[in-house]
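# Structural overview for review
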Amino acid sequence: MATRQRLIAGNWKMYKTRAEAVAFAKELTSVAGTRKAGVNWPQAVICAPFTALYGLAEAFAASGVSVGAQTMHQAPEGAYTGDVAVSMLRDLDVTFVILGHSERRLYCAETDAAVAEKSVVALKAAGLTPIVCVGETLADREEGRTQSVIAGQLDPVFTALGQSGIAAASLSRLVIAYEPIWAIGTGRSSSAADAQDVIGAIRTLTNKHFGREIAQAVRILYGGSVKPENIALYLGESDIDGALVGGASLQVSSFVELLEQSKGD
Ligand code: PGA
């Protein structure tokens, strides 16, 4: 039986100034403290805009909440105006990075090939955990293409990781987030059973590429209109290890509620 630690990841997108982020961190730390945080709570990370990362990492330092970025470039450095390299994230004590979010794929042309390269770079960096996002459009779902679209997005990532020479222990750090595009920010979430179908298939694919041990260790999240009211449904499914949460991660009260709902036994 796998013992995967649950992960609740907030994705703030392009919300919150540095001051707002620090205020959130202070409030979360104090609320969590009074609720005896840390005992059985899941691992928690806030993925914030680049401009808030430094302040957030400082404010969360003693809290056990991790800080993540929302993208990064695959090159170690270079003439890539507006981009940020892995070493720059690690320099700020950033320990997670979202890769291939559907908004980055749509608005910033983050391709499957780039996501694959970035995944390799992130897993090679000590202490950095990539959250690789995949998901189908409404048309894909309605026309029965969900599984093939997801497999098509993951295949380049798995192939690149397989060829990278990265050790099994590091590969096990990989986090995948299944986020149906039609469920993001719409209030229209996937049913837990449908999410489990896709996430179970992702675990099977992981098994095919890397074998059982890694497939059982890799954490797979659901994302798309997750709220305190529905998170328990997803966590009740055997292959769903947590959630990637946009809107409901922006207020301390709802983020704390998500953590409460995700407590272990
Ligand atoms: P949402 O966003 O929770 O607001 O639907 C999820 C995401 O984009 O990661």
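For the structure itself, consult the block above.
Notes on the structure in this doc start here. Note that this is a predicted model, so its numbers are computed, not measured. (Residues numbered from 1 in each chain as written. Predicted model: local features only at pLDDT ≥ 70, side-chain atom pairs only at ≥ 80, totals over all residues. Heavy atoms only, no water.)

### Notes on the packing of aromatic side chains
Inspection of every chain in the model, using the stated rule, returns 5 aromatic pairs. Of the aromatic side chains, those joined through ring pairs into one cluster are Trp 12, Phe 24 and Phe 255. Geometry around Trp 12 places Lys 16 over its ring, the cationic atom sitting 5.2 Å from the centre. (Phe/Tyr/Trp six-rings, centres within 6.5 Å; stacked < 30°, edge-to-face > 60°. Lys NZ or Arg CZ within 6 Å of the ring centre and 35° of its normal.)

### So, the site of the ligand
Contacts to the ligand come from 13 residues, most closely from Lys 13, His 101, Glu 179, Gly 185 and Ser 225. Within the backbone of Gly 246, one N or O atom sits 2.8 Å away from an oxygen atom of the ligand. Across the complex, the protein chains shield 95% of the 280 Å² of accessible surface that the ligand would expose by itself. Here the residues of the shell around the ligand sort into 4 nonpolar, 7 polar and 2 charged. (Near = heavy atom within 4 Å. Polar contact = N/O pair within 3.5 Å; in protein donor to acceptor, adjacent residues only side chain to side chain. Areas by Shrake-Rupley, 256 points an atom, 1.4 Å probe, with all protein chains shown as cover. Nonpolar A, V, L, I, M, F, W, Y, C, P; charged D, E, K, R; others polar.)

### Some details on unusual backbone geometry
Backbone geometry at Lys 13 places phi at a positive 55°, although glycine is not the residue there. Mapped onto the elements of the fold, Lys 13 is located in the loop between strand 1 (7-11) and helix 1 (18-34). Unusually for a residue other than glycine, Ala 109 sits at a positive phi of about 50°. Secondary-structure assignment places Ala 109 in the loop between helix 4 (102-107) and helix 5 (112-124). We classify Ala 109 as exposed; its relative accessible area is 58%. (Helix = DSSP H or I, 4+ residues; strand = E, 2+ residues; numbered from the N terminus. Buried < 20%, exposed > 50% of the residue type's maximum accessible area, 1.4 Å probe, protein only.)

### Concerning the side chain of Thr 71
Within the secondary structure, Thr 71 is located in the loop between strand 3 (66-69) and helix 3 (86-91). You can call Thr 71 buried: its relative accessible area is 5%. Polar side-chain contacts of Thr 71 include one of 3.0 Å to the side chain of Glu 110.

### Here's the deal with helix 9 (residues 192-210)
Along its 19 residues, helix 9 runs 26 Å from first to last C-alpha, staying within 8% of the 27 Å computed at 1.5 Å per residue. Every buried residue belonging to helix 9 is among Ala 192, Ala 195, Gln 196, Val 198, Ile 199, Gly 200, Ile 202, Arg 203, Thr 206 and Phe 210, and all of these are buried. Trailing helix 9 by a residue or two, Gly 211 shows a phi angle of about 90°, which is positive. (Expected span 1.5 Å × (residues − 1).)

### What to know about the pattern of salt bridges
Per the stated rule, a full pass over the model turns up 12 salt bridges. One salt bridge connects Arg 145 with Glu 143, and the closest N-O pair in it is separated by 2.6 Å. Asp 239 serves as the salt-bridge partner of Arg 203, at 2.6 Å between the closest nitrogen and oxygen. Of the two residues, Arg 203 sits in helix 9 while Asp 239 sits in the loop between helix 11 (231-235) and strand 8 (242-245), which places them 36 residues apart along the sequence. In terms of burial, Arg 203 and Asp 239 fall into one category: buried. A single salt-bridge network, built from bridges that share partners, covers Arg 4, Arg 203, Asp 239 and Asp 241. (Salt bridge = Lys/Arg side-chain N within 4 Å of Asp/Glu carboxyl O.)

### Details of the pairing of strand 2 (residues 43-47)
Residues in a regular strand point their side chains to alternate faces of the sheet. Most of strand 2 is tucked away: 4 of the 5 residues are buried. The pairing of strand 1 with strand 2 spans 5 bridges and is parallel. Following the sheet pairing, Ile 8 is matched in strand 2 by Ala 44. In the sheet, strand 2 pairs with strand 3 via 3 bridges, with the strands oriented parallel. Within strand 3, the residue paired with Cys 47 across the bridge is Gly 68. Regarding the hand of the β-α-β motif, the stretch spanning strand 2, helix 2 (residues 50-60) and strand 3 is right-handed. (Pairing = 2+ DSSP bridges. Right-handed = clockwise from strand over helix to strand, strands pointing away.)

### Quick look at the sheet that holds strand 2
The sheet built from 8 strands closes into a barrel, its strands ordered 1-2-3-4-5-6-7-8 with parallel pairing. The average undirected angle you get between the axes of adjacent strands in this sheet is 25°. Bridge count between strand 6 (residues 175-178) and strand 7 (residues 219-223): 4 bridges; the pairing is parallel. Pairing of Val 175 across the sheet is with Arg 219, part of strand 7. (Axes fitted to C-alpha atoms, helices over the stretch in contact; angles between N-to-C directions.)

### Here's the deal with the packing of helix 7 (residues 146-163) against helix 9
Where helix 7 contacts helix 9, the axes come no closer than 10 Å and their chain directions differ by 30°. The angle between helix 7 and helix 9 falls in the class roughly parallel. Considering how the two elements wind past one another, helix 7 and helix 9 form a crossing that is right-handed. For the pair formed by helix 7 and helix 9, the contact residues are Thr 146, Gln 147, Ile 150, Ala 151, Leu 154, Asp 155, Phe 158, Thr 159, Leu 161 and Gly 162 on the first element and Asp 197, Val 198, Ala 201, Ile 202, Leu 205, Thr 206, His 209 and Phe 210 on the second. Class assignment of the residues belonging to the contact of helix 7 with helix 9 gives a composition of 10 nonpolar, 6 polar and 2 charged. (Parallel < 35°, antiparallel > 145°, perpendicular 65-115°, else oblique. Left-handed = near helix turned anticlockwise from the far one by under 90°. Contact = heavy atoms within 4.5 Å.)

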